[in-house]
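Notes for the structure review
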Amino acid sequence: MDLFSRTWAALRATVADLSDEDFGRPSGCTGWLVRDLVCHLIVDAQDVLITLATPSDREPTRDALTYWDVSDTPPTGDDPLDALTVRLAAAYEDPGLLKFHLDDVGSAAGRAAVFADPSGRVGTRDEVLTVGDFLSTYVMEWTLHHLDLIAHLPGAELPPAEGLVRSREMLERIAGGPFPSSFPDVDALLIGTGRRAPTEAEQAELGHLASRVPLYLG
């Protein structure tokens, strides 16, 4: 629960520090500018609020690792929902409105998470998870999107170190093996999720894991 709050607060703080010009820069998400990613974060925050307000009395069907739909095909940016996000982001026109909306709904999502019972069960995407597992998935989501946000913003703050460590641990478990210890956490996440291609040396170091990554999480 604390890690969810720390990674989410750090991501929102980074958005708050963006200049108007930064919103027009590319992000680490295929086909999206920074403004598009920030718009997506607003939708993510709404998802947190909706899911935490959707209790379930069923047994969990997924956990923090099996929640993800894993593909070996990279996103193209042509998905209808992705295209809708781009149009919605453009409709804001003023970056300040995007900042305001993210701060408004994002703060509410953060408060809702603090007051939620980690052992409770919630429904989302036709599946049931414990609240703790659901919020753990968002530690990975916030951390990866933080890296996406600053992909072309030199000097921007990295995600919290503990969020990087936890996200790496989860990705390694999804991948079925650890990344080389020589890989910093940021590089393990970028390479492991296809956000950066490995160098020849890194590819050799991956060993048996080279055939399992990148993993595209949806």
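Values in this document were obtained by computation on a predicted structure and should not be read as measured data.

What follows covers a negative patch on the surface. A surface patch of like charges, here negative, comprises Asp20, Glu21, Glu93 and Asp94. Here Glu21 lies in the loop between α1 (2-16) and α2 (34-52). By relative accessible area, which is 56% here, Glu21 ends up exposed.

Once that is clear, we can look at the pairing of strand β3 (residues 127-130). Side-chain positions along a regular strand alternate between the two faces of the sheet. In this structure, strand β2 (residues 121-124) lies alongside β3, joined through 4 bridges in antiparallel fashion. By the bridge assignment, Thr124 is partnered in β3 with Glu127. What sits between β2 and β3 in their antiparallel hairpin is a turn of 2 residues, with Arg125 showing a positive phi close to 55°.

All chains considered together, the criterion is met by 5 aromatic pairs. Taking the centre distance of 4.7 Å and the plane angle of 40° together, the rings of Tyr138 and Trp142 count as tilted. Of this pair, Tyr138 and Trp142 both sit in helix α5 (residues 131-149), 4 residues apart, roughly one helical turn. No difference in accessibility class separates Tyr138 from Trp142, as the two residues are buried. One aromatic cluster is present, built from ring pairs that chain together Phe4, Trp8, Phe134, Tyr138 and Trp142. Stacked on the ring of Tyr67, the Lys or Arg Arg125 has its end atom at 4.1 Å from the ring centre.

What follows is about the packing of α2 against α5. Geometry of a packed helix pair, given as the angle between the helix axes and the separation of the axes. Contact geometry of α2 with α5 gives a least axis separation of 11 Å together with a crossing angle of 175°. Here α5 runs roughly antiparallel to α2, going by the angle between their axes. Contacts from Val34, Leu37, Val38, His40, Leu41, Asp44, Ala45, Asp47, Val48, Thr51 and Leu52 in α2 reach Val131, Phe134, Tyr138, Glu141, Trp142, His145, Asp148 and Leu149 in α5.

The next point concerns the environment of Ala45. On the secondary structure map, Ala45 appears in helix α2. On the basis of relative accessible area, Ala45 is assigned to the buried category, the value being 0%. Measuring from C-alpha to C-alpha, the distance between Ala45 and Arg212 comes to 31 Å, with 167 residues separating the pair along the chain.

This part takes up helix α7 (residues 185-192). Since the α-helix advances by 3.6 residues per turn, residues separated by three or four positions end up pointing in the same direction. Burial within α7 is extensive, with 6 of its 8 residues counted as buried. Of the positions making up α7, those classed as buried are Val186, Ala188, Leu189, Leu190, Ile191 and Gly192. As for α7, its buried residues are in contact with α5, α6 (161-175) and α8 (200-206). Just beyond α7, the residue with positive phi is Gly194, at close to 75°.

About the thresholds
Going along each chain's sequence as written, the residues are numbered from 1 onward. Thresholds applied to this predicted model are a pLDDT of at least 70 for local features of residues and 80 or more for the giving and counting of side-chain atom pairs; totals over whole chains, interfaces and linings are not thresholded and use all residues. As a rule here, side-chain values cover all heavy atoms of the structure and leave hydrogens and water aside. Residues forming no salt bridge and having over 30% relative accessible area are the ones grouped into patches, like charges within 9 Å of each other and nonpolar side chains (Val, Leu, Ile, Met, Phe, Trp, Tyr) within 5 Å. In short, Shrake-Rupley with a 1.4 Å probe defines the accessible areas, and a residue's cover is counted only from the protein chains shown. Salt bridges are defined by distance alone: a side-chain nitrogen of Lys or Arg within 4 Å of a carboxyl oxygen of Asp or Glu. Under this rule, positive means Lys or Arg and negative means Asp or Glu; His and the chain ends count for nothing. Here the site of a charge means NZ on Lys, CZ on Arg, CG on Asp, or CD on Glu. Runs of H or I in DSSP of at least four residues are treated as helices and runs of E of at least two as strands, each being numbered from the N terminus. Exposure classes here rest on a 1.4 Å probe applied to the protein chains alone. A residue is buried below 20% of its type maximum, exposed above 50%, and partly exposed in between. Following DSSP output, two strands are said to pair if at least two bridges run between them. Between 30 and 60 degrees the pair is tilted, below 30 it is stacked and above 60 it is edge-to-face, where a pair is any two Phe, Tyr or Trp rings, Trp via its six-membered ring, whose centres lie within 6.5 Å. The criterion for a charge sitting over a ring is simple: Lys NZ or Arg CZ within 6 Å of the ring centre, and within 35 degrees of the ring normal. Note on method: axes are straight lines fitted to C-alpha atoms, helices fitted across the in-contact stretch only, with angles between N-to-C directions ranging 0 to 180 degrees. With respect to orientation, any angle under 35 degrees is reported as roughly parallel, any angle over 145 as roughly antiparallel, any angle of 65 to 115 as roughly perpendicular, and every other angle as oblique. Between two residues, a contact is recorded if the distance between any of their heavy atoms is within 4.5 Å.

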